[in-house]
Amino acid sequence: MGLIAEFRMTSDRLPLVDVAAAVPDATVEFESVQARPSGAPTFIVRVAGADPDAIEAAFADADSVTDHSLVVADGATRRYRCRPTGGPPTDLELLADNGSIPDRVLATPSGWEERRWFADREEFDQFRTFCRANDYDLRLDRLVETDEGSEGRETGPFGTDDRSRPREMTDAQREVLVTAHEMGYFDTPRTATLADVADELGVSSASLSERLRRAQNHLVAEFRRTTDIKPRTN
């Protein structure tokens, strides 16, 4: 029996909090964390809902992250690559055997809002102890049991929806999915390429690929949520 925890961590020392404070109307969301052989990890961050110049200035002025660079700009949404400054958190060894999986992490002007999967209560207590050791004020909003522990999920860092309460597919995701299907992108053999569908919708191939990936992920998550099929364990 696993757990889904939704909580807020309050601390001005968390990465990207200063970025979120500089653009308070924006959504600042971690998309992935890429480990490096040495040194701090690399963050891929999605920022939407603010003026592009204001977003750029927020990253340039931030003390919590460094080496920021724009990865892709798609209308009002921008994706940045950056790395956290400073050393690792205190008592990081507390999480050495913790198999919890972050599902979604948003940076806010006061801290992080997070949804995370835990295999059991012990993992959750470990994580809470780690937060206390770093003076992160953890406020729990929701803690529910699920049929699977975190080891039963197929996911990438920060990249999968909660199958007990899946997010709605956006209109843009529905549009690319339907258009790709109608144009024959999913046919065998394909009668339309990714570039063909992108041209039809007037978006870049990179933007189309991202929306299509998210739409397909949503369909699979919804299918698994409503069926009895369990993930393979070997």
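Cut-offs applied
- Residues numbered from 1 in each chain as written.
- Predicted model: local features only at pLDDT ≥ 70, side-chain atom pairs only at ≥ 80, totals over all residues.
- Heavy atoms only, no water.
- Helix = DSSP H or I, 4+ residues; strand = E, 2+ residues; numbered from the N terminus.
- Expected span 1.5 Å × (residues − 1).
- Buried < 20%, exposed > 50% of the residue type's maximum accessible area, 1.4 Å probe, protein only.
- Arc of directions from axis to C-beta.
- Contact = heavy atoms within 4.5 Å.
- Phe/Tyr/Trp six-rings, centres within 6.5 Å; stacked < 30°, edge-to-face > 60°.
- Salt bridge = Lys/Arg side-chain N within 4 Å of Asp/Glu carboxyl O.
- Pairing = 2+ DSSP bridges.
- Axes fitted to C-alpha atoms, helices over the stretch in contact; angles between N-to-C directions.

## Notes on helix α3 (residues 121–133)
Over its 13 residues, α3 extends 18 Å from the first C-alpha to the last, a length consistent with the 18 Å expected when each residue adds 1.5 Å. Along α3, the residues classified as buried are Glu 123, Phe 124, Phe 127, Phe 130 and Cys 131. Down the axis, α3 shows its buried residues gathered within 120 degrees of arc, on one side only. Those residues of α3 that are exposed and aimed more than 90 degrees away from the buried face are Glu 122 and Arg 132. Turning to α3, the residues buried within the fold contact β1 (2–10), β7 (111–118) and β8 (137–146). With its phi angle positive at about 60 degrees, Asp 135 sits one or two positions after the end of α3.

## Concerning the packing of aromatic side chains
For the coordinates displayed, the defined rule picks out 9 aromatic pairs. Between the aromatic rings of Phe 30 and Trp 112, the centroid separation amounts to 5.0 Å while the plane-to-plane angle is 65 degrees, which identifies the pairing as edge-to-face. Of this pair, Phe 30 sits in strand β2 (residues 27–34) while Trp 112 is found in strand β7, placing the two residues 82 residues apart along the sequence. Summarising the burial analysis for this pair, Phe 30 and Trp 112 share the class buried. Ring geometry for Phe 127 against Phe 130: centres 6.3 Å apart, planes inclined by 45 degrees, an arrangement best described as tilted. Here the residue Phe 127 and the residue Phe 130 both occupy positions in helix α3, the gap between them amounting to 3 residues, near one helical turn. Taken as a pair, Phe 127 and Phe 130 share a single burial class, namely buried. Among the aromatic residues, ring-to-ring pairing joins Phe 7, Phe 118, Phe 124, Phe 127, Phe 130 and Tyr 136 into one connected group.

## A few points about the pattern of salt bridges
Any two side chains of opposite charge can pair if their charged atoms end up close together. Evaluated as defined, the whole model comprises 13 salt bridges. In this structure, the salt-bridge partner of Asp 74 is Arg 211, at a minimum N-O distance of 3.3 Å. In this pair, Asp 74 is assigned in strand β4 (residues 65–74) and Arg 211 in helix α6 (residues 205–225), connecting sequence segments 137 residues apart. On the basis of relative accessible area, Arg 211 is assigned to the partly exposed category, the value being 21%. Within this structure, Glu 29, Glu 31, Arg 46, Arg 79 and Arg 104 form a network of salt bridges that share partners.

## Some points on the sheet that holds β2
Pairing between sheet strands relies on hydrogen bonds along the backbone, with the strands arranged either parallel or antiparallel. Across the sheet, which stays open at both edges, the 8 strands sit in the order β4-β5-β3-β2-β6-β7-β1-β8 with antiparallel pairing between neighbours. A strand with exactly one partner marks an edge of an open sheet, and here the two such strands are β4 and β8. The sheet shows a mean angle of 20 degrees between the axes of neighbouring strands, direction not considered. Relative to strand β5 (residues 77–84), β4 runs antiparallel, the two being bridged by 7 bridges. Opposite Val 65, over in β5, you have Pro 84 as the bridge partner. On the sheet, helix α2 (residues 52–61) packs against β3 (42–48), β4 and β5 and is oriented at approximately 0 degrees with respect to β5. In the packing of α3 onto the sheet, contacts are made with β1, β7 and β8, and the angle to β1 comes to roughly 10 degrees.

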